[in-house]
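Structure assessment
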Amino acid sequence: MAEGELGNRLKALRSDAGLTQAELAAMVGVSRKTINTVENEVFTPSTTLALKLARALNAPVETLFFLRA
């Protein structure tokens, strides 16, 4: 990953919440594959999806997503 790219803690926060990828996907209205690709940093979510994920996991968006130094 290059400096300034978006990283995330989605997998850790999802696991802490006791949710599967499929359960989280259903909560935010996307596919399980979308959750997988975001977790693996293959896909950068839209602002709307990032906010939905943060809300679903009851975490500030700044905790869930961060810029790499």
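Reading the values: the criteria
- Residues numbered from 1 in each chain as written.
- Predicted model: local features only at pLDDT ≥ 70, side-chain atom pairs only at ≥ 80, totals over all residues.
- Heavy atoms only, no water.
- Salt bridge = Lys/Arg side-chain N within 4 Å of Asp/Glu carboxyl O.
- Helix = DSSP H or I, 4+ residues; strand = E, 2+ residues; numbered from the N terminus.
- Buried < 20%, exposed > 50% of the residue type's maximum accessible area, 1.4 Å probe, protein only.
- Core = buried A, V, L, I, M, F, W, Y, C linked by side-chain atoms within 4.5 Å.
- Contact = heavy atoms within 4.5 Å.
- Arc of directions from axis to C-beta.

This part is about the pattern of salt bridges. If you walk through the whole model with that rule in mind, you get two salt bridges. Among the ionic pairs, Arg14 bridges to Glu39, the shortest N-O distance being 2.4 Å. Here Arg14, found in helix α1 (residues 10–16), pairs with Glu39, found in helix α3 (residues 32–39); they are 25 residues apart in sequence, far enough to count as distant. The class for Glu39 is buried, based on a relative accessible area of 11%. Where Arg68 meets Glu41, a salt bridge forms, and the shortest distance between an N and an O atom there is 2.5 Å. Separated by 27 residues along the polypeptide, Arg68 in the segment after β2 (65–67) and Glu41 in the loop between α3 and α4 (47–56) bring together distant segments of the chain. The class for Glu41 is partly exposed, based on a relative accessible area of 22%.

Moving on to the nonpolar core. Soluble globular proteins tend to pack their nonpolar side chains together in the buried interior. Membership of the largest hydrophobic core comes to 14 residues, with the highest contact counts inside it found for Leu10, Leu24, Ile35, Leu53 and Leu64. Elements represented by at least two residues in this core include exactly α2 (21–28), α3 and α4. Residues within four places of Ile35 in sequence aside, it is in contact with Leu10, Gln21, Leu24, Ala25, Val28, Val30 and Leu53.

Glancing now at α4. For an α-helix the count is 3.6 residues per turn, leaving residues at separations of three or four pointing the same way. Along α4, the residues that are buried comprise Leu49, Ala50, Leu53 and Ala54. The arc that holds every buried residue of α4, seen down its axis, measures 135°, which confines them to one face. In α4, the exposed positions angled more than 90 degrees off the buried face are occupied by Thr47 and Arg55. Buried-residue contacts for α4 involve α1, α2, α3, α5 (61–64) and β2. At the exit of α4 stands Asn58, carrying a positive phi of roughly 55°.

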